[in-house]
Amino acid sequence: MRVHVISDMEGVAGIVKWEQTTGGEALYEEGRKLYTQEINAAVRGAKAAGATEIVVMDCHGAGKGWTFNSLLPEDLDPDCEFVVQHEWTEYTAFLEQGCDAALFVGMHARAGTRDGVMNHTISGRDYQNLWFNDTLVGETGINAALCGTWGCPVLMVTGDEATCREARELLGDGLTTVVVKWGIGAEAARMLPPARARELIEEGARRALSNLAAVEPYDPGRPCEVRAEFKSTTEPDRVLQRPGVERIDDRTIAARGETWWEAWRLFYFE
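Bear in mind the structure is a predicted one, so any value in this text is a computation, not a measurement. (Residues numbered from 1 in each chain as written. Predicted model: local features only at pLDDT ≥ 70, side-chain atom pairs only at ≥ 80, totals over all residues. Heavy atoms only, no water.)

*Asks:* When you look at the overall build of the protein in this model, what are you seeing that I'm missing?
*Replies:* Secondary structure assignment for the protein yields 7 helices and 12 strands. On the principal axes, the C-alpha backbone points of the protein span a range of 50 × 40 × 30 Å. A separation of at least 24 residues holds for 69% of the contacts in the protein among residues at least 6 apart in sequence. Taking the 27 positively charged and 43 negatively charged side chains of the protein as two groups, their mean positions are separated by 3 Å. (Helix = DSSP H or I, 4+ residues; strand = E, 2+ residues; numbered from the N terminus. Contact = heavy atoms within 4.5 Å. Lys, Arg positive; Asp, Glu negative; His and termini not counted. Charge placed at Lys NZ, Arg CZ, Asp CG, Glu CD.)

*Asks:* Please clarify how the pairing of strand β5 (residues 127–132) should be interpreted in this entry.
*Replies:* The side chains of a regular strand alternate between the sheet's two faces. Counting buried positions over the 6 residues of β5 gives 5, a clear majority of the element. Examined bridge by bridge, β5 and strand β10 (residues 224–230) share 5 bridges and lie antiparallel to one another. Note on β10: the bridge partner recorded for Phe-132 is Val-226. Pairing of β5 with strand β6 (residues 135–136) involves 2 bridges; the strand directions are antiparallel. Residue pairing for β6: Trp-131 is matched across the bridge by Leu-136. The loop that links β5 with its antiparallel partner β6 comprises 2 residues; one of these, Asn-133, has a positive phi angle of about 50°. (Buried < 20%, exposed > 50% of the residue type's maximum accessible area, 1.4 Å probe, protein only. Pairing = 2+ DSSP bridges.)

*Asks:* Even after reading the chapter, I still don't get the nonpolar core, so can you show me in this structure?
*Replies:* For soluble globular proteins, nonpolar side chains are generally found buried alongside one another. Judged by nonpolar contacts, the single largest core of 84 residues is most densely connected at Leu-130, Phe-132, Trp-260, Trp-264 and Phe-267. Looking at which element gives the most residues to this core, the answer is helix α1 (residues 28–49), with 8 residues. Sequence-distant contacts of Trp-264, that is, excluding residues within four places in its chain, are made with Trp-88, Thr-89, Ile-122, Leu-130, Phe-132, Ile-142, Val-226 and Phe-269. (Core = buried A, V, L, I, M, F, W, Y, C linked by side-chain atoms within 4.5 Å.)

*Asks:* I'm lost on the packing of helix α3 (residues 139–149) against helix α4 (residues 161–171) in this one. Help?
*Replies:* Between two packed helices, both the angle of their axes relative to each other and the distance between the axes serve to describe the pair. One way to put it is that α3 packs onto α4 with a least axis distance of 10 Å and a crossing angle of 40°. Here α3 is positioned oblique relative to α4, judged by the angle of their axes. Handedness of the crossing formed by α3 with α4: right-handed. Contacts between α3 and α4 involve Thr-140, Gly-141 and Ala-144 from the former and Thr-163, Glu-166, Ala-167, Leu-170 and Leu-171 from the latter. A class-by-class count of the residues in the contact of α3 with α4 yields 4 nonpolar, 3 polar and 1 charged. (Axes fitted to C-alpha atoms, helices over the stretch in contact; angles between N-to-C directions. Parallel < 35°, antiparallel > 145°, perpendicular 65-115°, else oblique. Left-handed = near helix turned anticlockwise from the far one by under 90°. Nonpolar A, V, L, I, M, F, W, Y, C, P; charged D, E, K, R; others polar.)

*Asks:* Before we go on, may I ask you to explain the sheet that holds strand β4 (residues 101–107) in this structure?
*Replies:* In any sheet, the strands associate via hydrogen bonds between backbone groups, in a parallel or an antiparallel arrangement. Judged by pairing direction, the sheet is mixed, and its 7 strands sit side by side in the order β3-β2-β1-β4-β7-β8-β9 without closing on themselves. Both edges of this open sheet fall to β3 (81–83) and β9 (188–191), since each of them pairs with a single strand only. This sheet shows a mean twist of 25° between the axes of neighbouring strands, independent of strand direction. Direction of pairing for strand β2 (residues 53–58) relative to β3: parallel, over a ladder of 3 bridges. Looking at the pairing, Val-56 lines up with Phe-82 of β3. Here α4 sits on the sheet in contact with β4, β7 (154–160) and β8 (176–185), set at roughly 155° to β7.

*Asks:* How should the environment of Ser-210 be read in this particular structure?
*Replies:* Tracing the backbone shows Ser-210 in the loop between α5 (194–208) and β10. According to the relative accessible area criterion, Ser-210 is exposed, its value standing at 58%. Distance in space between the C-alpha atoms of Ser-210 and Gly-50 is 8.9 Å, their sequence separation being 160 residues.

*Asks:* I'm lost on the packing of α3 against helix α7 (residues 260–268) in this one. Help?
*Replies:* Contact pair α3 / α7: the axes reach a minimum separation of 10 Å and the direction vectors enclose 130°. Taken together, the axes of α3 and α7 lie oblique to each other. In the packing of α3 onto α7, the handedness of the crossing is left-handed. For the pair α3 and α7, contact is made by Ile-142, Ala-145, Leu-146 and Thr-149 and by Trp-260, Trp-261 and Trp-264, respectively. Class assignment for the residues of the contact of α3 with α7 results in 6 nonpolar, 1 polar and no charged.

*Asks:* What exactly am I supposed to notice about the pattern of salt bridges here?
*Replies:* Should their charged atoms come close, side chains of opposite charge can pair. Taken as a whole and assessed by the stated rule, the structure comprises 18 salt bridges. Across the pair Arg-206 and Glu-203 runs a salt bridge whose closest N-O atoms are separated by 2.6 Å. Taken together, the residues Arg-206 and Glu-203, both in helix α5 and 3 residues apart, mark about one turn of the helix. Among the salt bridges present, the one from Glu-225 reaches Arg-256, with a minimum N-O distance of 3.0 Å. (Salt bridge = Lys/Arg side-chain N within 4 Å of Asp/Glu carboxyl O.)

*Asks:* Just checking my understanding: could you explain the side chain of His-60 for this structure?
*Replies:* Mapped onto the fold, His-60 is located in the loop between β2 and β3. Judged by relative accessible area, His-60 falls into the buried class, the value being 1%. For His-60, the side chain forms a polar contact with the side chain of Asp-8, separated by 3.0 Å. Ignoring sequence-local partners within four residues, the contact set of His-60 consists of Ser-7, Asp-8, Met-9, Glu-10, Thr-21, Tyr-35, Trp-66, Thr-67, Phe-68, Asn-69 and Ser-70. (Polar contact = N/O pair within 3.5 Å; in protein donor to acceptor, adjacent residues only side chain to side chain.)

Right, here's the structure in full:
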């Protein structure tokens, strides 16, 4: 069984402030440790479920040289491999080779979610709303669509309660979710101690992988429109000349393709 662990930092137990997720900040080193140990918990659970190949993909944009490179390699479980990519959604080789399941660790809610801790959609690009064929999505939806392009189902999502709710609404009740904190504000939460959160993630991964058919691979629909509304006109101005991208209004752009991947590549990549 081949398992892809896709991870982000904001949904990790113990992390609640941007300084814990921003490269170069004093609190970032604490955040990296918490982050790596939750990834390890998912890897242990996958091994217990019978995984023979586990590839971790760090998807946290921490800034500077830490972007997609926030986990601590020295502390990573030796029974997995990991990827450092240059551009988000760039690495697809493991999926293309055939992957049985994906586990999402440390995810956060989409922008504008009231009880979503550190909620946002694609930091650094000023997104307000993102739709796939009129379905409002966040980063969980983007990563799920990436996996689904190559027929890989997402079987587990961990993060705060808002994130887990968002993921179940998108992917269905067969999804295993592990709640490690409950948002009481954008930078405030009631949280499980990290040791307890890791126990639940390990068990959740093991349980999720016991039924590879519990969740269908996510396909936003065919043909597919990717539409984004931004908080300002800056990003639409920047991408307006990109072939295949249409400006809908002052702050909204769209790209269309026969598949989500075709539309996404027009929309996201330079």
